[in-house]
Amino acid sequence: MSNHCVPVRATTGKSIISAMTTSRLSVPLLTLATVFTIAGCSNSQESADDANAEASETAVATKGDVLRIATEGAYAPFNYTNADGTLGGFDVEIANAICADMQVTCEIMAQDWDGIIPGLKAGKYDAIVAAMSVTPERAEQVSFTDPYFSNTLVFLAKKDSSFDPSNQSDIDAHSIAAQRSTISSQWFEDKYPNADMKLYDTLSNAFLDLGSNRVDAMISDKLPAIEWLSSPAGSNYALKGDEIDISDNFAIAVRPGDPLQAKINQSLANIKANGTYDKINQKYFAISESAMQTSDADAPEQPVTETAGQ
């Protein structure tokens, strides 16, 4: 619909002059008529502008009813894909809790890790909740919320293996698996540039090759490693060496300058304050002592205190 005033009858310049000389209307009256016409057009324009503004506000409100969130769906226990194709995990439940606090509907979709930031920048979704570490390089592309989880790195190998990650020669003498483009693989590449490193598109594939003896050891975020060690496939494997604290924090990514960042921060604070966060954290990260075995099966077990997410 046009917002311009459309005259009822088009009149040429010549006919206007003729009308002014033959019409009974005086020049002042013609001027007054012109003013009324212009006023009418102005009122129509304002009404149209108001209608457009109202429609725009309605469209924004409707869009805000759904929060589109991407996760990887292949990084248990943070995010994984169930047998029926649905997504689950710590990240998914945190996302749903934030959406509930914001009173919006969560629309959570799976996205391959390598394309997850490009997808956000392209507008495929509004936020990323995928165990994403805050790094200076990523902060140049996205804006991060307050952290929602603190992470450490660990090495894994067979229980009867003599592999010692604190020994440089041991590192160089073994093939080490890791997931590509993660904080763990980046840390390892920087610290051990001469090591025989095998990179995988997903953590699941890295664990698969470790369990199949195609690599000697693996570096991983701690909790996915604990999850795998607790499974039948990882029963003959253990953590090796000490945890590696690299001040690694997971946060939610949004597009730079998006007001959604402040809204998510508020809801994240709310679910921490009302106990929702603690319930989700306990559900996924109540770690058994046997899974924390760091030497052979006969080594004494030590009490475990989990402080994740603080």
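Above this text you will find the structure in question.
Residues numbered from 1 in each chain as written. Predicted model: local features only at pLDDT ≥ 70, side-chain atom pairs only at ≥ 80, totals over all residues. Heavy atoms only, no water.

> Help me understand the state of the cysteines in this model?
Working definition: the covalent bond between the sulfur atoms of two cysteines is a disulfide. One pass over the full model with this rule turns up 1 disulfide. Sulfur-sulfur distance for the disulfide between Cys99 and Cys106 comes to 2.0 Å. Across the S-S bond of Cys99 and Cys106 the torsion is about 80°, and the bridge reads as right-handed. By the burial criterion, Cys99 is buried, and Cys106 matches it. (Disulfide = S-S within 2.5 Å. Buried < 20%, exposed > 50% of the residue type's maximum accessible area, 1.4 Å probe, protein only.)

> Any chance you could explain unusual backbone geometry here in plain terms?
For residues besides glycine, phi is generally negative; the peptide bonds are generally trans as well. Here Ala76 and Pro77 are connected by a cis peptide whose omega angle stands at 5°. Within the element layout of this structure, Pro77 appears in the loop between β2 (74–75) and β3 (79–81). Of note in the backbone geometry, Gln103 takes a positive phi value of approximately 60° without being a glycine. For Gln103, the position within the fold is in the loop between α3 (90–102) and β5 (105–110). (Helix = DSSP H or I, 4+ residues; strand = E, 2+ residues; numbered from the N terminus.)

> What is the right way to look at the nonpolar core in this model?
By size, the foremost hydrophobic cluster in this structure holds 45 residues, and its most contacted members are Phe78, Phe90, Tyr148, Phe149 and Leu156. Elements represented by at least two residues in this core include exactly β1 (66–71), α3, β8 (149–158), α8 (203–211), α9 (222–229), β12 (237–250), α10 (260–273) and α11 (276–285). At 6 residues, the largest contribution of residues to this core is made by α3. What Phe90 contacts, discounting residues up to four positions off in sequence, is Pro77, Phe78, Tyr148, Phe149, Tyr277, Ile280, Asn281, Tyr284 and Phe285. If you look at the next biggest cluster of nonpolar residues, it comprises 16 residues, including Trp187, Phe188, Ile219 and Ile244. (Core = buried A, V, L, I, M, F, W, Y, C linked by side-chain atoms within 4.5 Å. Contact = heavy atoms within 4.5 Å.)

What is shown is where atoms sit, not what they do.
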